[in-house]
Every structure is written in C-alpha cells, then in structure tokens.
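Observations on the three-dimensional arrangement
Given next are the chains, with one letter for each unit.
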Amino acid sequence: SPADPNLLVGNAHADDAAVYRIGAGQVLVQTVDFFTPIVDDPFLFGQIAAANALSDVYAMGGRPLSSLSLVGFPERGDPAVLGEIMRGGLAKMTEAGCFVIGGHSIRDDDLKFGYAVTGVVHPDRVWRNVGARPGDILLFTKALGTGVIATALKKGTASPESVAAATASMTRLNRAATEALIESDPAHKNIHAVTDVTGFSLLGHAREMALGHAASGIPVVSLEIDHARIEYLSGAVDCARAGNASGGLHNNREFIGDCVEFAGSVPEEYRLLLFDPQTSGGLLVAIAPDSASAAMQALERHGAAARQIGRVLEKRSPLIHVT
C-alpha cells in the first residue's frame, strides 16, 4: 500500500496498536481484541474483555475515547447471558471514560466478545514497544499467572483464591498505571519503551521490545530478567507446577525459546509462567535508571504498584537472559 506520512505506527511495526496523525497536536490510537470466555461468570467475562481491549491504548500512552463491540453468539444461546456480558463490558468501558458507540454481532457456534477501541494521544507522547536503551530498568505493573489459572479453572482444579486473584487482575484497567507513568515523566524523555503483556507472554513481549525496529533506526538490545523479582498471582506457581500449561503457552515457548537463556537455578514452574499467555496483563516499561524510583512512587500513589524485574543490556546472544 502507498506510504502515508500520517501513519506513525502500522502493521510494519509489530506494536500494540496503530497510530495515525489527524492534526498537529493529536493522533488516533486504534486497536481491536476479542476472545472466547475464560471465566464462567458472564458479567466478569464482559469486564475482562473490555479491560483487555482497552489495554493496548494505554500501552501506547493514549486515552480511550470510543469503542465498538464485537459479538459472536450461538443461535440457541441464552439472551440473558449475552445481556450480562454486554453489561459487564459497558461497566468497564464506563469506568475508563470510553463510550460504546455501536458494534456488530454474528451467529457463531462459539461465543466470542470484545471491542475495537479508538483513543487519542499527543504525537510527542506516543509510547512504542521498542526504544529500550542499555542501562534502562525494566518495570512490570501486574502479577503473572492468569493463563495457568484459567487452564486450571477449565479442569476444575483452580482454587477459589487463585480464581479471585486472576479475576481481580484481569478486570483492573491499566489506566492508573499509564496516568502514573505520564505524571512521572512530564518531559517525555525517560520512558523509552512500553508494552502490555498479553497472549504472547512476558518473554514474548520482552522479545518484541528487545528486537528494536530497523526501519525506524531503533537498535536491538538484550534484556536480563530476574524471575524472583516478578510478582505472581496467588496460586499461579502451584497451577504451573501441576502442569496447567495451555496450548498457547507451549506455542510461545516453541516460538520464543531460542531467544531465551535460563540460569540453571530457575525452576521449571517459573519458566512456564514466563511463557504463560496473559489476559489484560500489566505494562512492561523500560525506563532510565535515574527515573525508576520516581516512576515507582507515582505508580504506588495511583494504586498501580510495580516491581523492578530486570534491566536492559547491550545486544548479546541469546537475546534474553533469565536469572
């Protein structure tokens, strides 16, 4: 397709959302996401689907404005279930200050739900998932483990505590984290890369961050991640130890594995968790080392506490090292 100078981030960038300039001081952030239910409660599923769809806008530093719902629903499905899903999604969109202005539904043997979301951001404040610099600190704003817990739930082996922890995490917007990070970096100089951790796993999204973008002149870097510094959802380690690995987890490991080196001391269950697909996961942030403390304090004030989980290094092989 013809090059468009207003398309700041598109398909060629492997980023979290598309970014298109509509004026001198404003760009659109556009994204879409939908999936099949991962919890039994339809209202909660609607909330999770909305939070997950909104996340890519927050990961670009944007503010969501409007959304369109996407629904696939069985012909003989209970309309009351769909009503609860829609109600849950609307509640979360309302919390985000994002208007649901329409949508589209089709008949589908498998229930699917999600949103196309449009947001805005100033062109000078767009966060990319690349641009991390050697010396940067890696921050992560949520706990890991939604995938293994959801798999255990499908098997009927997840504890109520782990399901509650995963649900609370998946329904929590990344809005507070984004607002805190923006507040901590008013000159837009110290936050070098941001991405949200979703289906590609923490290591998968870390790989995207490390790879840079040659066409934009952003070089490849390496990442070092300390598995012991990461927060894990209640019960997640037990779920991983019990072998609750989804097909997506195995796919992530197969695809990313050659880029990752684990220290021999890292237990297998933690290796699984780092490849675990996440739903509505946290933000992974590469930030200048002298700004990390202020960012963490701002995140704490906004109720989106983060952990320092690693650092950015000069390019080396393999791309990611986990200690």
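From a predicted model like this one, the values you see are computed outputs, not experimental measurements.

Another point: the environment of I320. Of note, I320 is situated in strand β13 (residues 320–322). Judged by relative accessible area, which is 0%, I320 ranks as buried. Taking the C-alpha atoms as reference points, I320 and C259, separated by 61 residues in sequence, lie 6.1 Å from one another.

A surface patch of nonpolar side chains, amounting to about 340 Å² of accessible area, comprises L68, F99 and I101. Here F99 shows up in strand β5 (residues 99–107). A relative accessible area of 61% places F99 in the exposed class.

Attention shifts here to the layout of surface pockets. Considered as a void within the structure, the largest pocket measures approximately 310 Å³ in volume. Lining the largest pocket are 17 residues, and of these I38, G147, P277, Q278 and T279 sit closest to its centre. Counting residues per element, the ones that place at least two in the lining of the largest pocket are β3 (26–35) and α3 (146–155). Among the elements that line the lining of the largest pocket, the one with the most residues is α3, at 5 residues.

This paragraph deals with the sheet that holds β5. The 6 strands are arranged β1-β2-β3-β6-β4-β5 in an open sheet whose pairing can be described as mixed. In this open sheet, the two edge strands, each paired with only one partner strand, are β1 (7–9) and β5. When strand polarity is set aside, the average angle formed by the axes of neighbouring strands in this sheet is 25°. Both strand β4 (residues 63–73) and strand β6 (residues 112–121) contribute to a ladder of 9 bridges, which runs antiparallel. Across the sheet, residue R63 finds its bridge partner in β6, namely V120. Where helix α1 (residues 42–59) meets the sheet, it contacts β3, β4 and β6, and its direction lies at approximately 30° from that of β6. Here helix α2 (residues 79–95) sits on the sheet in contact with β4, β5 and β6, set at roughly 20° to β6.

Conventions and cut-offs
Residues numbered from 1 in each chain as written. Predicted model: local features only at pLDDT ≥ 70, side-chain atom pairs only at ≥ 80, totals over all residues. Heavy atoms only, no water. Helix = DSSP H or I, 4+ residues; strand = E, 2+ residues; numbered from the N terminus. Buried < 20%, exposed > 50% of the residue type's maximum accessible area, 1.4 Å probe, protein only. Patch = residues over 30% accessible without salt bridge, like charges linked within 9 Å, V, L, I, M, F, W, Y side chains within 5 Å. Areas by Shrake-Rupley, 256 points an atom, 1.4 Å probe, with all protein chains shown as cover. Salt bridge = Lys/Arg side-chain N within 4 Å of Asp/Glu carboxyl O. 1 Å grid on protein atoms, 1.4 Å probe; cavity = no way out; pocket = protein on both sides within 12 Å on 5 of 7 lines; lining within 4 Å. Points joined across faces, edges and corners; volume = space filled by probe spheres on them. Pairing = 2+ DSSP bridges. Axes fitted to C-alpha atoms, helices over the stretch in contact; angles between N-to-C directions. Contact = heavy atoms within 4.5 Å.

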